[in-house]
Amino acid sequence: MFSLRNCGLWVAASLTKKRLTLARFSGDSAAPLGTKFDVIVIGGGHAGTEAAAAAARCGSRTLLLTHRVDTIGQMSCNPSFGGIGKGHLMREVDALDGLCTRICDQSGVHYKVLNRRKGPAVWGLRAQIDRKLYKQNMQKEILNTPLLTVQEGAVEDLILTEPEPEYTGKCRVSGVVLADGSTVHAESVVLTTGTFLRGVIVIGLEMHPAGRLGDQPSIGLAHTLEKLGFVVGRLKTGTPPRIAKESINFSILNKQTPDNPSIPFSFISETVWIKPEDQLPCYLTHTNPKVDEIVLENLHLNSHIKETTRGPRYCPSIESKVLRFPNRLHQVWLEPEGMDSDLIYPQGLSVTLPAELQEKMITCIKGLEKAKMIQPGYGVQYDYLDPRQITPSLETHLVQRLFFAGQINGTTGYEEAAAQGVIAGINASLRVKRKPPFVVSRTEGYIGVLIDDLTTLGTNEPYRMFTSRAEFRLSLRPDNADSRLTFRGYKEVGCVSQQRYERASWMKSSLEEGISVLKSIEFSSSKWKKLIPEASISIGKSLPLRALDVLKYEEVDMKLLATAVPAPLKKYITCRELAERLKIEAIYESVLFHQQQQIKEVQQEEALQLPKDLDYLTLRDVSLSYEVREKLHFSRPETIGAASRIPGVTPAAIINLLRFVKTTQQRQAAMDELSNTDQYLCETDKLEERHL
């Protein structure tokens, strides 16, 4: 039980426990202690585990260095994965054979698809996760990965050598120096330090050096990166208190049940490990004016909120919400931490007030009047490196073969970290083999959007993913991530297993065949209405309707269609995922055709130079919203590609701008040609006159 008194002593005590410094665990028992590795990954969080596993899958002998093996896979903040935008990243990580999706399918306690009222392109797969189970399953996976060795130890410095002349960079990394002075050499190094670079934990006015509660920060490595010339910034984040489950009155709260059936994260999971009826519910409550009052009266006791360091805009602390949105009620989701856990995580109540005030605030909330706080909420302040210092492969510009992934690049969230980890691990391995980097473009995936935003725009606040950041989100859907990335991962990189590749190939051929069959079945609208009376089909249509067109109706799914026309269609409903994906393909058939044409157009014209004298605010003959005009006027992009990467500039605006510029150039070229023709004729006339 947490004691409200001596809060600082309790935090400090948790940081002074003895740690095993150089224990070695290995999925590759053949790797002796003095082995030189191909890739070293520093950090065992969500970016580090994905990076290490990806490098090993690519065939590189990999070492994962972490402070403690028992914290590998630890969910330091919220007990959940996925959500709107984040679920897309999860599916793309899975398409490249990443780990977190399969582990979530084995560890969840509540599975839910968010945004169901909107189209499938913006659905957000999400799950509450059992912390203990997730950590156990992740450690089991990591410690049994071929070519991957895990070692406990703190990295204090980098070993640097002369740069390779054919690449940019002032030097090349060739290994690391550990806290005990020993060295480990490698061809590539991936840094996934999370919040550990000069990390500080804050509760009230007390501050303690820590990467997270119970773990020492990384100081020496932060100094090394600064001395190398990297631009270092400072960010902050926070976490809510933990509450005893038995002390909450759930009976008066709004209950949310999981989906039935539950949709797994991974393409190779037929289902999740737990039945819907055995899953745990979540509950919703709200803050009230009493909470606002406690926050506002005690701002002088909260050093974290007074810091000028930028915090997460889209997952702010309760103090930030009260200050920015006064006199509002704010949602607080009460989320279970595990099947056998007696803790509840109050999502939306991140707070850094002194512990006794946190408890006072909690007991003001409906359903929490008698709540007991087990652990206080706290803030974390940490260094990050300006992500414009890395390439799209996540290799740094300054130091060759050094890669950054995760919160070190200014992002927030498990999913953003995992996505960067996969890409960094793949490219660290490819760099060893001197192969071209593996880069995902903005038109190929949300991973591409994430990395492109970071490397071109940078960030001054914790970056998180939203569907609105993707220009072509209708084609970058959760359901088709395998068709976009799995084949590239298998053929170009070798990070995808044969099993996953074969399943993706089967799904691709089945979809193509199914769509072809649906297009071939044609009946009159009146016959379709008789076959499927549930569908709102207008019988006044003269042209015949394809089965694919009928499938677009909201009331119609593949099961209903196969009942109406069983002979050719019944085989497509034996696989739930195939049936659902055929429905989604039907919904987006026409709009996707036009969007694919637009994608090709933008891709081909990304380098098109925009006239420097364009006055976006007064520009006529082009459809642009005033907001878009302001953004273009302020940013002054040089090319269409640069304009497309400005946050808030929509794909439609880019297409309109592209066509306007091309049309203007064509008109100018025609006028120039006409002028040249006139000049030629004039000169010809003069010559004739002279001759005469």
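Overview of the structure. (Residues numbered from 1 in each chain as written. Predicted model: local features only at pLDDT ≥ 70, side-chain atom pairs only at ≥ 80, totals over all residues. Heavy atoms only, no water.)

### What to know about the overall build of the chain
Defined as follows: Secondary structure is summarised from DSSP: a helix means a run of H or I of at least four residues, a strand means a run of E of at least two, and numbering begins at the N terminus for each. Our radius of gyration looks at C-alpha atoms and nothing else; its globule reference is 2.2 Å times the residue count to the power 0.38. Two residues form a contact once any of their heavy atoms are found within 4.5 Å. For accessible areas, the Shrake-Rupley method is used with a probe of radius 1.4 Å. Any residue's cover is judged against the shown protein chains and nothing else.
Counting its secondary structure elements, the chain contains 23 helices and 24 strands. The C-alpha radius of gyration computed for the chain amounts to 28 Å, which stays within 12% of the reference 26 Å derived for 692 residues, consistent with globular compactness. A separation threshold of at least 6 residues defines the contact pool for the chain, and within that pool the share at least 24 residues apart is 73%. Accessible area for the chain stands at about 30,200 Å²; split by element, carbon and sulfur atoms hold 54% of it.

### Observations regarding the sheet that holds strand 11 (residues 200–203)
Our working definition: Any two strands with at least two DSSP-identified bridges between them are counted as paired. Interaxial angles span 0 to 180 degrees and are taken between N-to-C directions of axes, which are lines fitted to C-alpha atoms, for helices over the stretch in contact.
Across the sheet, which stays open at both edges, the 4 strands sit in the order 12-11-20-13 with antiparallel pairing between neighbours. Because the sheet does not close on itself, it has two edges, and the strands there are strand 12 (206–209) and strand 13 (232–239). Neighbour-to-neighbour, the strand axes of the sheet open up by a mean angle of 25°, direction not taken into account. Summarising the sheet, strand 11 and strand 12 pair through 4 bridges and their orientation is antiparallel. Within the sheet, the bridge partner assigned to Val 202 lies in strand 12 and is Met 207.

### Re unusual backbone geometry
Backbone torsion omega between Asn 260 and Pro 261 reads 5°, so that peptide bond is classified as cis. Tracing the chain through its elements places Pro 261 in the loop between strand 15 (254–256) and strand 16 (282–286).

### Things to note about helix 10 (residues 355–362)
Inclusion rule: Only protein chains enter the accessibility calculation, which uses a 1.4 Å probe; a residue whose area is less than 20% of its type maximum is buried, one above 50% is exposed, and one in between is partly exposed. Arc, as used here, means the arc of the directions from the helix axis to the C-beta atoms.
Among all positions of helix 10, only Ala 355, Leu 357, Gln 358, Met 361 and Ile 362 are buried. With its buried residues spanning 160° around the axis, helix 10 presents them on a single face.

### Some points on the nonpolar core
The cut-off we apply is this: Remark: nonpolar core denotes a set of buried residues (Ala, Val, Leu, Ile, Met, Phe, Trp, Tyr, Cys) joined through side-chain atoms within 4.5 Å.
If you look at the biggest cluster of nonpolar residues, it comprises 100 residues, and the most contacted ones within it are Phe 81, Val 176, Leu 225 and Leu 402. By residue number, the principal contributor to this core is helix 11 (residues 414–432), which donates 10 residues. Excluding residues that lie within four positions of it along the chain, Val 176 makes contacts with Ile 40, Ile 42, Leu 65, Val 155, Asp 157, Leu 158, Ile 159, Ser 182, Thr 183, Val 184 and Val 189.

### Regarding the sheet that holds strand 14 (residues 242–244)
Hydrogen bonds between backbone atoms are what pair the strands of a sheet, whose relative direction is either parallel or antiparallel. Strand order in the open sheet formed by 6 strands is 15-16-17-18-14-19, with antiparallel pairing between adjacent strands. Across the chains shown, the open sheet's two edge strands, defined by having one partner strand only, are strand 15 and strand 19 (373–375). Between one strand axis and the next, the sheet turns through 35° on average, direction left out of account. Two elements, strand 16 and strand 17 (residues 331–336), share 4 bridges in a ladder whose sense is antiparallel. Across the sheet, the residue bridging to Leu 284 is Trp 333, located in strand 17.

### Section: the side chain of Gln 358
This is how the line gets drawn: Pairs of N or O atoms within 3.5 Å make up the polar contacts considered here, provided that, within protein, one atom can donate a hydrogen while the other can accept it, and that residues adjacent in sequence are counted only when both atoms are side-chain atoms.
On the secondary structure map, Gln 358 appears in helix 10. Polar side-chain contacts of Gln 358 include one of 2.6 Å to the backbone nitrogen of Gly 377.

### Some points on the pairing of strand 9 (residues 171–178)
Within strand 9, 6 of the 8 residues are buried, which leaves it mostly tucked inside the rest of the structure. Two strands pair when backbone bridges link them, and strand 8 (residues 155–161) and strand 9 are joined in this way by 6 bridges, in the antiparallel orientation. Bridge assignment links Ile 159 to a residue of strand 9, and that residue is Gly 175. Bridge analysis of strand 9 against strand 21 (residues 399–400) gives 2 bridges, and the strand direction is parallel.

### Things to note about the pairing of strand 16
With respect to burial, strand 16 is a largely interior element, 4 of its 5 residues being buried. As defined by bridge partners, strand 15 adjoins strand 16 across 3 bridges and the pair is classed as antiparallel. The residue bridging Asn 254 from the neighbouring strand is Leu 284, located in strand 16.

### Quick look at the side chain of Gln 279
Relative to the elements of secondary structure, Gln 279 occurs in the loop between strand 15 and strand 16. A polar atom in the side chain of Gln 279 sits 2.8 Å from the side chain of Ser 262. Looking at Gln 279, its side chain comes within polar contact range of the main-chain oxygen of Ile 274, at 3.4 Å. When sequence neighbours within four positions are dropped, the list of residues in contact with Gln 279 reads Val 109, His 110, Tyr 111, Pro 258, Ser 262, Val 272 and Ile 274.

### A look at the packing of aromatic side chains
So the rule is basically this: Between 30 and 60 degrees the pair is tilted, below 30 it is stacked and above 60 it is edge-to-face, where a pair is any two Phe, Tyr or Trp rings, Trp via its six-membered ring, whose centres lie within 6.5 Å. Whether a charge lies above a ring is judged from NZ of Lys or CZ of Arg, which has to be within 6 Å of the ring centre and within 35 degrees of the ring normal.
Using the criterion set out here, one finds 7 aromatic pairs in the structure. With a centroid separation of 5.2 Å and an interplanar angle of 45°, the aromatic rings of Phe 81 and Tyr 414 are classed as tilted. Of this pair, Phe 81 sits in strand 4 (residues 80–82) while Tyr 414 sits in helix 11; the two residues are 333 residues apart in sequence, bridging distant segments of the chain. Owing to a relative accessible area of 0%, Phe 81 belongs among the buried residues under this scheme. Joined through ring pairs, the aromatic side chains of Phe 81, Tyr 134 and Tyr 414 make up one cluster. Here the guanidinium or amino end of Arg 91 rests over the ring plane of Phe 267, the centre of that ring lying 4.4 Å away. When the ring centre of Tyr 167 is taken as origin, the NZ or CZ atom of Arg 431, which lies over that ring, is 3.8 Å away.

### What about helix 11?
Rule in force here: Expected span, for any helix, means 1.5 Å times one less than how many residues it has.
Compared with an ideal rise of 1.5 Å per residue, which puts 19 residues at 27 Å, helix 11 spans 27 Å between its outermost C-alpha atoms and is within 8% of the ideal. Immediately downstream of helix 11, the backbone of Arg 434 shows phi near 60°, a positive value.

### Here we look at the pattern of salt bridges
The condition is simple: Salt-bridge detection follows one rule: a side-chain nitrogen of Lys or Arg within 4 Å of a carboxyl oxygen of Asp or Glu.
For the coordinates displayed, the defined rule picks out 41 salt bridges. A salt bridge links Glu 415 to Lys 86, with the nearest nitrogen and oxygen atoms 3.1 Å apart. Remark: Lys 86 occurs in helix 3 (residues 86–95) and Glu 415 occurs in helix 11; sequence separation between them is 329 residues. Of the two residues, Glu 415 and Lys 86, both sit in the buried class. Here the salt bridges share partners, and the residues they tie into one network are Lys 36, Glu 164, Glu 166, Glu 187, Glu 395, Arg 401, Arg 431 and Arg 434.

### Quick word on the packing of helix 7 (residues 289–297) against helix 10
What counts is decided by this rule: Each angle is binned into one of four classes, with values under 35 degrees roughly parallel, values over 145 roughly antiparallel, values of 65 to 115 roughly perpendicular, and all other values oblique. Here a crossing is called left-handed whenever its near helix is offset anticlockwise from the far helix by less than a right angle, and right-handed whenever the offset is clockwise. When residues are grouped by polarity, Ala, Val, Leu, Ile, Met, Phe, Trp, Tyr, Cys and Pro land in nonpolar, Asp, Glu, Lys and Arg in charged, and all others, Gly among them, in polar.
Here helix 7 crosses helix 10 at 165°, and the two axes come no closer than 9 Å. With respect to their mutual orientation, helix 7 and helix 10 come out roughly antiparallel. For helix 7 against helix 10, the interelement crossing comes out right-handed. Judged by residue contacts, Val 291, Ile 294 and Val 295 of helix 7 engage Leu 357, Lys 360 and Met 361 from helix 10. For the contact of helix 7 with helix 10, the class distribution of residues is 5 nonpolar, no polar and 1 charged.

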